[in-house]
Amino acid sequence: MAPRKIIIDTDPGQDDALAILLALGSPELEVLGITCVAGNVPLPLTIRNARLVCELAGRADMKIFAGCERPMVRDLVTAEAVHGETGLDGPNWDKPTMPVQEVHAVDWLVETLMAAEDGEITLCPVGPITNVAMAMVREPRIVGKIAEIVTMGGGFFVGGNTTPVAEFNVYVDPHAAAVMYRSGVPITTMPLDVTHKALMSPAWIESVREIGGEVGAKTAAMVSFYERYDLDRYGSRGGPLHDPATIAYLLRPELYGGKDVFVEVETQSELTMGMTVVDYWDRFGRPPNCRWISEVDSDGFFELIRERLANLPAGR
């Protein structure tokens, strides 16, 4: 079977980095390109970080595109308190050397999708949805070209991690998320409801370190730095790895369980801005527009990540 063609839209971020590494270590997936957006840190740093991660994976040939430097409507909100000043704190990094493509990410998304067969490409946005929504607004015909969107964002049962009701990716650009959920594309969402059920353990982090090489050392350093925020904030036994859930779902959907629901995003109220309003019990009576994931085989998830990290050239 031919590999599944995907595009990763991202704002790295340590957990974004794990999503990229998981995808690049998986022969079932063909990553056509990586589009960067402002989010966890400003755009120049998310571009830098995507390049560093691809070089770590031994994939300096990967096409990386710079996208939107701010949300569609609101001012940019970043998350250095979580990810560090560079967005990828933890390891010691050299300067990346691989190039960035000259084409803007939104232009490339439109061009690539319009040249594809209907339903040929899956999009995996793991940051604010700005690039994807801007592409949809610019060229609505790309909607029919997208096989599926598998995204990390939102929360229902556990609320938000940026405000009491809003998860970071959606909060940063709620207007873009609203465009996505209204697009008609099949959407699978990996919200905080499921990512908070898969928590890193010290033993797992040590098993990643034991992979050896740069992949083992730098990945362990990244997640060790990253999880300190959730440990301090929630007092949990380990921190969640949010963004790799999107790639894990593509590889092993049997690890997950969820429900088809209608989702809308709040874009009017400052009190609840960015809230993912999930009609879990069908009170609106509207057709579902999303597969909302809420269950995960945590052990299987972490086993998969470690296995695929070890597949990478620098992890062998």
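Just above, that's the structure.
Note that the coordinates shown come from a computational prediction; the quantities given were computed from them, not determined experimentally.

(A) Representation of the sheet that holds strand 8 (residues 276-279). Read across the open sheet, the nine strands follow the order 3-2-1-4-5-6-9-7-8; overall the sheet is mixed. Here the strands that pair on one side only, and so sit at the sheet edges, are strand 3 (64-66) and strand 8. Strand-to-strand twist in this sheet, taken as the mean axis angle between neighbours without regard to direction, amounts to 30°. Sheet analysis places strand 2 (residues 29-36) next to strand 3, joined by three bridges and oriented parallel. Bridge assignment links I34 to a residue of strand 3, and that residue is I64. The strands that helix 11 (residues 244-251) touches are strand 1 (4-10), strand 2, strand 4 (121-125), strand 5 (146-152), strand 6 (187-190), strand 7 (256-265) and strand 9 (290-296); relative to strand 5, the one it contacts most, it runs at about 135°.

(B) Looking closely at helix 12 (residues 298-311). Over its 14 residues, helix 12 extends 20 Å from the first C-alpha to the last, a length consistent with the 20 Å expected when each residue adds 1.5 Å. Among the residues making up helix 12, those that are buried are S298, G300, F301, F302, L304, I305, R308 and L309. For helix 12, the capping residue at the N-terminal end is D297, with a side-chain oxygen 3.3 Å from the backbone nitrogen of D299.

(C) Structural context of the environment of H196. Its location among the elements puts H196 in the loop between helix 8 (192-195) and helix 9 (202-209). When the C-alpha atoms of H196 and L271 are compared, they prove to be 24 Å apart, with 75 residues separating the residues in sequence.

(D) A look at the packing of aromatic side chains. Tallied over the entire structure, the rule returns nine aromatic pairs. Between the aromatic rings of F156 and F157, the centroid separation amounts to 4.8 Å while the plane-to-plane angle is 70°, which identifies the pairing as edge-to-face. In this structure F156 comes out as partly exposed when scored by relative accessible area, which is 29%. Plain terms: the ring middles of F156 and Y280 are 6.0 Å apart, the flat faces sit at 20° to each other, and that makes the pair stacked. With F156 in the loop between strand 5 and helix 6 (168-172) and Y280 in the loop between strand 8 and strand 9, the pair connects residues that are 124 residues apart, well separated along the chain.

(E) Layout of the packing of helix 4 (residues 105-115) against helix 5 (residues 130-138). As a packed pair, helix 4 and helix 5 sit with axes 9 Å apart at the nearest point and diverge in direction by 55°. Overall, the two elements helix 4 and helix 5 adopt an arrangement that is oblique. Every pair of crossing elements has a handedness; the one defined by helix 4 and helix 5 is right-handed. Contact residues: helix 4 offers A105, V106, D107, L109 and V110, while helix 5 offers N131, V132, M134, A135 and R138. A per-class count over the contact of helix 4 with helix 5 returns seven nonpolar, one polar and two charged.

Cut-off values and rules
The residue count restarts for each chain, going from 1 along the sequence in the order it is written. Local features in this predicted model are restricted to residues of pLDDT 70 or higher, and side-chain atom pairs are both shown and tallied only at a pLDDT of 80 or more, whereas totals for entire chains, interfaces and linings draw on every residue. Only hydrogens and water are removed before side-chain values are computed, so all heavy atoms of the structure are retained for them. Strands pair, by our definition, only if DSSP identifies at least two bridges between them. Think of it this way: any DSSP run of H or I at least four residues long counts as a helix, any run of E at least two long counts as a strand, and we number them from the N terminus. Axes, fitted as lines to C-alpha atoms, cover a helix only where it is in contact. Angles between the N-to-C directions of the axes lie from 0 to 180 degrees. Every residue pair with non-hydrogen atoms within 4.5 Å of one another is taken to be in contact. Given the number of residues in a helix, its expected span is that number minus one, multiplied by 1.5 Å. Burial here depends on accessible area, computed with a 1.4 Å probe over protein chains only, as a share of the maximum for the residue type. Under 20% is buried, over 50% is exposed, and the range in between is partly exposed. Side-chain atoms alone can form a polar contact between residues adjacent in sequence; in general such a contact is a pair of N or O atoms within 3.5 Å, and within protein one must be able to donate a hydrogen while the other accepts it. Classification of ring pairs uses Phe, Tyr and Trp, with its six-membered ring standing for Trp, and accepts pairs whose centres are within 6.5 Å; under 30 degrees between planes counts as stacked, over 60 as edge-to-face, and the remaining range as tilted. Orientation is classified from the angle alone, with under 35 degrees giving roughly parallel, over 145 giving roughly antiparallel, 65 to 115 giving roughly perpendicular, and any other angle giving oblique. Each helix crossing is assigned a hand: it is left-handed if the near helix lies turned anticlockwise from the far helix by less than a right angle, otherwise right-handed if that turn is clockwise. Just so you know the grouping, Ala, Val, Leu, Ile, Met, Phe, Trp, Tyr, Cys and Pro go in nonpolar, Asp, Glu, Lys and Arg go in charged, and all remaining residues, Gly too, go in polar.

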